[in-house]
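Residue-level structure breakdown
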Amino acid sequence: MSVALRADREGDHATLVPIGSFDLTHATAVTQEVKKAEASLSGSCSVDVDLGQLDRIDGTGAVLLARLLDRLEADGCRASIVEGNNPEAARLIALYRERRAVLPATETRATGALPRIGALVSQLPRKANNAFDFIGRCAIAVPRAAATPSSVDWRSLPRLVQEIGADALPVTSAANLLVGVIIGLLGISQLGRFGAITYVPDLVVVAHFRELGPLVTAIVVAGRSGAGLASEIATMKVSEEIDALRSMGFDPVRWLVLPRCFALAITVPLLTWVGDVLALVGGLAATVVMTDMTPHAYIQATANAITASHLLTGLIKCPFLALAIGLIACGQGLLTSGGAAAVGARTTTAVVLAIFSTIVISAVFTLFFALMGI
Amino acid sequence: MPAPKPHITVEDLRIGWGTRVLLEHTTFQVERGTIFAILGGSGCGKSSLLRHLIGLVQPQAGRIDIDGVGDPSRYEGAPPFGVLFQSGALFSSMTLAENLSLPLTTWTRIRGATARELVHAKLDLVGLGAFAEHLPGEISGGMKKRAGIARALMLEADLLFFDEPSAGLDPISAVELDQLILTLSRDLGITVVIVTHELPSIFLVADNCIVLDKVAKGIVARGDPRKLRDESEIPFVHAFFTRSSYGVSTNPGG
């Protein structure tokens, strides 16, 4: 069905005649017709709308016509509807004209690249302030928790250790085993070129114990438990459970954050230690399968390569990595406000920040050990 | 004999977020043992006022004084008031009994059989004696709210705050909840502050009320809600209590 908006001009006066169906189905055609009519009406002093030839009109058509009349009036033109021909359509258009809210102009959102970068940068001080505020609250919470142990939810600790540690063991073990295989294969291909296959066990020990073991474990834990903790606390926040805790006199940092950080600080070193052992197994398997080295010789060389320094430089990082994961996940959870979408957004942010921070912390430790000659 | 001291005193309060002011110059008192309703349309700042009254948020200006607590945001330890949040806010990983015993075991030395007995007595009080071992996810919305009330009562608070208690409930559950609130107030002498816009609830339970308006950014009427309904000449208040139309313009300037 064709749609048209005819404009009959007689000097300064014009009559608008909508023809056909002004409805949702024909909204595109109606919009074009309205634009055409508006262009042809420029300079008119008064406009009458004759609705007699309208076949059908719904809210969409009425809005488009109502806004056209609003714009004409804003330009100083007198616009009126000839009611007699189609009173129902006239009422509908009049309704949309009456109910139009005149809101103050809203700030247009910055859409260009530079303004968006600027907007992001301008948020940094506030975000940094939030982060330091949260770290400060956690630092204060530790002595207070020591003074009043009942203000910490210690009963949840076994469950948390189970969820963060024991339940994660298969996946961290598998990841570490494969990383051991990868280092072994890399050593065989690169050291083999210099006939130094006998140094593959040393490479696996040094690379994995010092760097990759803690890092791989922490990244897996950050992805797995970081997401779990952040979404758990974020859901508690949006369902008013955190408010309920506070209203009952509990400090959410002491009650929720401390046991989670504590559980992480216990489990991440343990997971790393198990992962170190499995990486040695992976390196052994790769070397024995790909080269002539015997398992006995490999184990012998590995035993010689393992030193307290290699083991401890790796394990000492673990509690720090664990704390970073815990603080970021819980902090993001507590910052949540809004609904389900906010929970998802905070969880994503928590995982990204936790993984990134584990890499940064590892790098800082490596730099420190390198400078100290450890 | 001097007049009894009000349970809650709010003086010249201003609340808002950043530069946006929700309420200002808000002053009112809540008498001990009464049921006090905070009324108003959606978005007028009722729930925000409640969050300030229970100390979750600091006001931009003004003073809140709860008798026996002072500034509610500064108390340490067990709060001398209970709160029922809109959703009940029970801890989803704990059974109802565990939810109720949490404040008890944290803030008192009561343990074991006595604690169990107290928890069951409170659950019986709200009619949930048979559901002690249920998780919040296994009971209905009305039951969650009643369990929330029972939890709020665990520390024998003499002041309870309710955030839209009948929201999302069927009429019968809503009336049952109102009856429970009346019982708590009349029989236990508890001061009750309710944030709501449910007219039947207001007329049934409230002794006194304030009506907030988001255009006026403050209190537009105060007193007995039944009197306000019958006698108020303020158009917004009259419209609110009689559920009549109060201007359909969406233009905030007009």
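What counts and how
Residues numbered from 1 in each chain as written. Chains lettered and ligands numbered in written order. Predicted model: local features only at pLDDT ≥ 70, side-chain atom pairs only at ≥ 80, totals over all residues. Helix = DSSP H or I, 4+ residues; strand = E, 2+ residues; numbered from the N terminus. Buried ≥ 20, exposed ≤ 12 C-beta atoms within 10 Å, placed from the backbone. Contact = placed C-beta atoms within 7 Å. Rg over C-alpha atoms; globule rule 2.2 N^0.38 Å. Nonpolar A, V, L, I, M, F, W, Y, C, P; charged D, E, K, R; others polar. Expected span 1.5 Å × (residues − 1). Arc of directions from axis to C-beta. Domains from an automatic or database assignment. Pairing = 2+ DSSP bridges. Axes fitted to C-alpha atoms, helices over the stretch in contact; angles between N-to-C directions. Core = buried A, V, L, I, M, F, W, Y, C linked by C-beta atoms within 7 Å.

Observations concerning the overall build of chain A
Counting its regular elements, chain A contains 13 helices and 5 strands. For chain A, the spread of C-alpha atoms along the three principal axes comes to 105 × 60 × 35 Å. When the 374 residues of chain A are sorted by exposure, 39% land in the buried category. Look at the contacts in chain A between residues 6 or more apart in sequence, and 84% of them connect residues 24 or more apart.

Looking at the overall build of chain B
Check the secondary structure of chain B and you find 8 helices and 9 strands. In terms of overall size, chain B behaves like a compact globule, its C-alpha atoms giving a radius of gyration of 19 Å where 254 residues would be expected to give roughly 18 Å. Projecting the C-alpha coordinates of chain B onto the three principal axes gives extents of approximately 60 × 45 × 40 Å. Going through the 254 residues of chain B one by one, you find that 43% of them count as buried. In chain B, the share of contacts with a sequence separation of at least 24, taken over all contacts with a separation of at least 6, comes to 64%.

Notes on the interface of chain B and chain A
The interface is formed by 18 residues belonging to chain B together with 13 residues belonging to chain A. By residue number, the principal contributor to the side of chain B that touches chain A is helix 2 (residues 96-107) of chain B, which donates 3 residues. When the residues that make up the side of chain B that touches chain A are grouped by side-chain class, the tally is 11 nonpolar, 7 polar and no charged.

Overview of helix 3 (residues 112-125) of chain B
Count 3.6 residues to each turn of an α-helix, and residues three or four apart come out pointing the same way. Residues and elements named next belong to chain B. A rise of 1.5 Å per residue sets the reference length of helix 3, with its 14 residues, at 20 Å; its end C-alpha atoms lie 20 Å apart and thus fit the reference within 8%. Within the span of helix 3, buried status applies to V119, K122 and L123. Buried residues of helix 3, seen end-on, are gathered within an arc of 100 degrees and therefore sit on one face of the element. For helix 3, the exposed residues set more than 90 degrees away from the buried face come down to A113, T114 and E117. Buried residues along helix 3 sit against helix 2 and helix 4 (141-153). After helix 3 finishes, the residue G127 shows a positive phi value of roughly 80 degrees.

Some points on the domain arrangement of chain B
Residue and element names in this part refer to chain B. Under the domain assignment, chain B is made up of domain 1 (1-81 + 157-168 + 186-249) and domain 2 (89-156). Once you take the C-alpha centre of each, domain 1 and domain 2 turn out to be 27 Å apart. Each side of the interface is counted separately: domain 1 has 6 residues, and domain 2 has 7 residues. When grouped by side-chain class, the residues that make up the side of domain 1 that touches domain 2 number 4 nonpolar, 2 polar and no charged.

Topic: the sheet that holds strand 6 (residues 159-163) of chain B
All names here are of chain B. Strand order in the open sheet formed by 6 strands is 5-6-7-3-8-9, and the pairing between neighbours is mixed. In the strand order of this sheet, the two ends are held by strand 5 (82-84) and strand 9 (218-223), each with one partner. Adjacent strand axes in the sheet meet at a mean angle of 15 degrees, parallel and antiparallel pairs treated alike. Docked against the sheet, helix 5 (residues 171-188) engages strand 3 (35-40), strand 6 and strand 7 (191-195), running at close to 150 degrees with respect to strand 7.

Side note on the sheet that holds strand 4 (residues 61-66) of chain B
Residues and elements named next belong to chain B. Ordered by their spatial adjacency, 3 strands build an open sheet running 2-1-4, and the pairing between neighbours is antiparallel. Both edges of this open sheet fall to strand 2 (20-30) and strand 4, since each of them pairs with a single strand only. Taking the axes of each pair of neighbouring strands and ignoring which way they run, one obtains an average angle of 25 degrees across the sheet. Pairing between strand 1 (residues 8-17) and strand 2: 7 bridges, direction antiparallel.

Let's talk about helix 6 (residues 169-191) of chain A
Residues and elements named next belong to chain A. Taking 1.5 Å of rise per residue, 23 residues should cover 33 Å, and helix 6 covers 32 Å from first to last C-alpha, within 8% of that figure. Turning to helix 6, its buried residues are T172, N176, V179, G180, V181, I183, G184, G187 and I188. In this structure, the buried side of helix 6 is in contact with helix 7 (200-238) and helix 9 (252-290).

Quick look at the pairing of strand 3 (residues 46-50) of chain A
Residue and element names in this part refer to chain A. Of the two faces of strand 3, only the one carrying V47 and V49 is buried; S46, D48 and D50 on the other face are not. Here strand 2 (residues 13-22) runs beside strand 3; their pairing, made up of 4 bridges, is parallel. Residue L16 lies in a different strand from strand 3, and its bridge partner there is V49. Pairing analysis gives 5 bridges linking strand 3 to strand 5 (residues 78-82), with the strands arranged parallel. Bridging across to strand 5, D48 finds its partner in S80.

Describing the domain arrangement of chain A
Under the domain assignment, chain A is made up of domain 1 (4-98) and domain 2 (141-372). For domain 1 of chain A and domain 2 of chain A, the distance between their C-alpha centres works out to 67 Å.

So, the nonpolar core
One finds I325 of chain A together with L160, V192 and V211 of chain B to be the most contacted residues of the largest nonpolar core, which totals 134 residues. Considering every element that reaches this core, the biggest residue donor is helix 7 of chain A, with 18 residues. Once residues within four sequence positions are removed from consideration, I325 of chain A is found in contact with A218, V221, A222, S225, G226, L264, A354 and T358 of chain A. Listed in part, the 26 residues of the second largest apolar core include L16, V47, V49 and L69 of chain A.

Examining the environment of F161 of chain B
Residues and elements named next belong to chain B. Structurally, F161 can be placed in strand 6. The buried category is assigned to F161, around which 25 C-beta atoms lie within 10 Å. Sequence separation between F161 and I194 is 33 residues; the distance between their C-alpha atoms is 5.9 Å. Once residues lying within four places of it in the same chain are set aside, the contact partners of F161 are L50, L53, I54, F81, V83 and V193.

Thoughts on unusual backbone geometry
For residues besides glycine, phi is generally negative; the peptide bonds are generally trans as well. Residues and elements named next belong to chain B. A positive phi is found at E156, a non-glycine position, where the angle reads about 55 degrees. One non-glycine residue, E164, adopts positive backbone phi at about 45 degrees. Considering the arrangement of structural elements, one finds E164 in the loop between strand 6 and helix 5. What makes E164 buried here is the crowd of 21 C-beta atoms within 10 Å.

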